Amino acid sequence: MRKTATKQSGKIPAQPGPREVASVKPGVPSDAESVIPGAGPSTHPGERPTVRLRDAGPDDAPRYAPEWLELREGPDAAARAGDLIDPLRIRLANLPGKAGLVIHDLGCGTGSMGRWLAPRLDGPQHWILHDRDPYLLHFAAVASPRSAADGSRVTVETRRGDVGLLTPDALAGASLVTASALLDVLTREEIGTLATACTGAGCPALLTLSVAGRVELTPSDPLDDEIADAFNAHQRRGGLLGPDAVTVACEAFSERGATVRLHPSAWRLGPAESALTAQWLRGWVGAAVEERPELKEPAERYLRDRLEACRAGELKVVVHHSDLLALSRPTGGAS
């Protein structure tokens, strides 16, 4: 798998947090009926907000709005598996010859992974932020945290282009690879390539928020399971792994000698997250209907009822995800 030829990079000192750059950030619609373009689960094979895995022209307009990433940042942070941080810290502390950490964040979006993880790790950090959207790269850079857990400096570098396909050479010198909501839009071959790149470079990988294929809605509805099954089938279109991705990734990393840890990381959405829930519902049901058009009429009733319950603060949703930590054997001889 090849690296893209189109890339922009530059080192940028970390700058103030999101509140200080709010003027460049579009506002989230207050009306729950407003539809954010590109929000919700992916409805096009091979795409995820801000990360493109298939061929695309370097000047293609971004197809996903940053408002969706802003909506999900809080629930993402709450869901990510904090229990994986201690074993990651131990491995990073034992990496050979490292004066500081070099972290590649794939499909960084607005930089939420860095804002969550950098303050949880010690020592100087240099984040290499990969994305195809120059606006999001700029925002991720200026909204990055300034310091690590121990007060050490955090800097960032941005790279624009196709970031879903990596080689060990591309990760030379890397301490860690991170990504969110990525594995489920990969094929078996692409996950094998990612695992080969990480294990070949001897760097750990923290891959968070991969869909697990299970959703719980309270109160329940007789159509819940049918919508979920259709959505999962949609996620497997074109050879993509969808909810099977985490299992395949565990196998791929293990076969290449990595130690793999898995931890649940569910979204737990209630009245406080109603805007996100409404957007997620539209994408979830829309993908199910696209997969099974015969669901269109009952799904319209279902979505209408679910959105009404969401507006009334009566709907709770648990969207199950999994976080994966793959600890590859370091290439420099450390254990």
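First, a word on what this report is: a plain description of the structure on this page. (Residues numbered from 1 in each chain as written. Predicted model: local features only at pLDDT ≥ 70, side-chain atom pairs only at ≥ 80, totals over all residues. Heavy atoms only, no water.)

Notes on the overall build of the protein chain
Piece 1. Broken down by element type, the protein chain carries 9 helices and 11 strands.
Piece 2. Here the protein chain holds 335 residues, and 56% of them are scored as buried.
Piece 3. Taking all contacts inside the protein chain whose residues are at least 6 apart in sequence as the whole, residues at least 24 apart take part in 85%.
Piece 4. By element, 49% of the accessible surface of the protein chain is carried by carbon and sulfur atoms, the whole surface being about 14100 Å². (Helix = DSSP H or I, 4+ residues; strand = E, 2+ residues; numbered from the N terminus. Buried < 20%, exposed > 50% of the residue type's maximum accessible area, 1.4 Å probe, protein only. Contact = heavy atoms within 4.5 Å. Areas by Shrake-Rupley, 256 points an atom, 1.4 Å probe, with all protein chains shown as cover.)

Side note on the packing of aromatic side chains
Piece 1. A complete count under the given rule lists 1 aromatic pair for this structure.
Piece 2. Geometrically, the ring pair formed by W280 and W284 is stacked, given 4.8 Å between the ring centres and 20° between the ring planes. Here the residue W280 and the residue W284 both occupy positions in helix α8 (residues 274–291), the gap between them amounting to 4 residues, near one helical turn.
Piece 3. W284 sits in the buried class, given a relative accessible area of 1%.
Piece 4. The cationic tip of R80 hangs over the ring face of W116; the distance from NZ or CZ to the ring centre is 5.5 Å. (Phe/Tyr/Trp six-rings, centres within 6.5 Å; stacked < 30°, edge-to-face > 60°. Lys NZ or Arg CZ within 6 Å of the ring centre and 35° of its normal.)

Topic: the packing of helix α6 (residues 224–235) against α8
Piece 1. The contact between α6 and α8 brings their axes to 8 Å, and the two run at 75°. The orientation of α6 with respect to α8, classified from their angle, is roughly perpendicular. Contact residues: D224, I227, A228, A230, F231, A233 and H234 in α6; W284, V285, A287, A288, E290 and E291 in α8.
Piece 2. Broken down by class, the residue content of the contact of α6 with α8 amounts to 9 nonpolar, 1 polar and 3 charged. (Axes fitted to C-alpha atoms, helices over the stretch in contact; angles between N-to-C directions. Parallel < 35°, antiparallel > 145°, perpendicular 65-115°, else oblique. Nonpolar A, V, L, I, M, F, W, Y, C, P; charged D, E, K, R; others polar.)

A word on the pairing of strand β4 (residues 101–106)
Along a regular strand, successive side chains alternate from one face of the sheet to the other.
Piece 1. The buried count for β4 comes to 5 of 6 residues, which makes it a mostly enclosed element.
Piece 2. Regarding the hand of the β-α-β motif, the stretch spanning β4, helix α3 (residues 112–117) and strand β5 (residues 125–131) is right-handed.
Piece 3. With 4 bridges joining them, β4 and strand β7 (residues 176–180) adopt parallel strand pairing. Residue pairing for β7: L106 is matched across the bridge by A179. (Right-handed = clockwise from strand over helix to strand, strands pointing away. Pairing = 2+ DSSP bridges.)

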